[in-house]
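Letter by letter, the chains look like this.
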Amino acid sequence: MIDSPRAGRARIAALTASAAAMAVLVSACGGTGGGSSSSPKDFSYLTNVENTTVKTALGTLSKGACSAENKALPLKVDTVPQTSLDQKLQLLAGQDALPVQFAAGNAPALTDQLYKSGKIADLEKKLKELGVYDRLEPSAVSTIKALYGGKFEVLPYEYNIEGIFYNKKIFSDNSLSVPTTWDDLVSDAAELESKGIQPFSASGQQGWPITRLVSAYLYRSLGPDALKAVADGKAKLTDAAYVKAAQEIADLGKKGYFGKGVGSIDYDTAFNTFLTGKAAMFYMGTWALTNIADPEQNQVGTENVGFMPFPAVSGGKGSIDQYPSNVGLAMTLGSKTFDGKVGDWVTCIAKNYGSVAMKDQGSISGFKADTPVEDPNELTTQVRRTIGDSKQNVLWFEALFSTKATTVSQTNAASLASGSITAEKFMQTVQDALSAN
């Protein structure tokens, strides 16, 4: 999963590569067990270059709260470009040489393959044995288990919910209240467009910011199991209700609500458009809080940025308080290298990571934070409370897709938003990719 600013820019290329890596990985992971069977000499950690949040927090812990654990088993960080991550994992898995801890692939399907082949530790069992399973936020556990068929395969170093960030000043200046229904949202967008204000900022080049809107509509209209039904073969993306969701998002593009040239807009440009006040709304995950808190990036001021859930669809089966969620790029631990010293490290991480990540980087994780940390702004406080109060979360459009279908979905999203292909064609193309697996 790669739904953070550091990872988002490399996602499509990485997923394309991971489709090829998956085939090799399946054969490479035919045996049981993962990593060397001997005790590790260090707390080796492999991640992608783009994600600096986790490795920075672990570095802080190694010099502070976890210094004793680090002395016994020194932290050793290794990085690769995200586009090379899956190939690297495939190589190491084939050599039975996975590191102690690693970013476990660009798609949940790849991580699950490693787990099923015995390369990944049973983390729920391990954390319960260590007495730190209760250090996890229940909503983060729920999200992980939804991704991995009821299994707890990765650690929640990041925990994000998704919704619509909006410019409070633009809304106030135009006498707009926060919309609670889809019809109200579209009406507000029309009002803004009529006054020369771009309603939404989005990256068509990355694709997933567009498909996220499709799934958000599906969850509101059909309920929280809308995409699980597709994964289970009980429904198809070509069914009328699913095509309608794609059509609603296509209509936003047809009306110009994403601005000009959405298909060529990259992630950073889309983000900048919102943070410089050139667009009123921006659908994104709460990893965006780091960027919003940066005065060099945010020219509208943190006090002028609000966060709202995707609105309700009239007559829909979903609830407005069901937030799409993810745990960033999945991080996990090898099975055979999980010895006592690794357990000591994991225990220390579970007890301290949440506070360190929030204090040093304003990053919200799925680990509970005991040490009081002052939020950098009211927006972060709102998000933390929303996460804490969350009872049921949902996933995103491609969460349960194969790597092939994910790539097809995201590479065709720009055409959906720009009107180059119809909603029917978009959904048929993705469904064909799903059916081919």
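Residues numbered from 1 in each chain as written. Predicted model: local features only at pLDDT ≥ 70, side-chain atom pairs only at ≥ 80, totals over all residues. Heavy atoms only, no water.

Caption draft 1: Local environment of the state of the cysteines. Using the criterion set out here, one finds one disulfide in the structure. A disulfide bridge connects Cys66 with Cys348, and the sulfur atoms are separated by 2.0 Å. As the torsion about the S-S bond is roughly -100°, the Cys66-Cys348 disulfide counts as left-handed. Here Cys66, found in the loop between helix H3 (53-63) and helix H4 (67-72), pairs with Cys348, found in helix H16 (residues 340-361); they are 282 residues apart in sequence, far enough to count as distant. You can call Cys66 buried: its relative accessible area is 0%. (Disulfide = S-S within 2.5 Å. Helix = DSSP H or I, 4+ residues; strand = E, 2+ residues; numbered from the N terminus. Buried < 20%, exposed > 50% of the residue type's maximum accessible area, 1.4 Å probe, protein only.)

Caption draft 2: Summary view of the nonpolar core. One finds Phe165, Leu237, Phe258, Met281 and Tyr353 to be the most contacted residues of the largest nonpolar core, which totals 138 residues. In terms of residues, this core owes the most to one element, H16, which gives ten residues. Apart from the residues within four sequence positions on either side, Leu237 is in contact with Leu227, Val230, Tyr242, Val243, Phe397, Phe401, Met427, Val430, Gln431 and Leu434. (Core = buried A, V, L, I, M, F, W, Y, C linked by side-chain atoms within 4.5 Å. Contact = heavy atoms within 4.5 Å.)

Caption draft 3: A look at the packing of helix H18 (residues 403-418) against helix H19 (residues 423-435). The contact between H18 and H19 brings their axes to 8 Å, and the two run at 170°. It follows that H18 is roughly antiparallel to H19 by the angle criterion. Contacts from Lys404, Ala405, Val408, Ser409, Asn412, Ala413 and Leu416 of H18 reach H19 at Ala423, Phe426, Thr429, Val430, Ala433 and Leu434. Of the residues belonging to the contact of H18 with H19, the class tally is nine nonpolar, three polar and one charged. (Axes fitted to C-alpha atoms, helices over the stretch in contact; angles between N-to-C directions. Parallel < 35°, antiparallel > 145°, perpendicular 65-115°, else oblique. Nonpolar A, V, L, I, M, F, W, Y, C, P; charged D, E, K, R; others polar.)

Caption draft 4: Examining the sheet that holds strand S1 (residues 43-48) more closely. Taken together, the four strands give an open sheet; going across it, the order is S2-S1-S3-S9, and neighbouring strands pair in mixed fashion. Of all the strands in the sheet, the pair left with one neighbour each is strand S2 (75-80) and strand S9 (331-333). The average undirected angle you get between the axes of adjacent strands in this sheet is 20°. As defined by bridge partners, strand S3 (residues 101-103) adjoins S9 across three bridges and the pair is classed as antiparallel. Along S9, the bridge assignment pairs Ala103 with Met331. (Pairing = 2+ DSSP bridges.)

In short, geometric facts, not functional conclusions.
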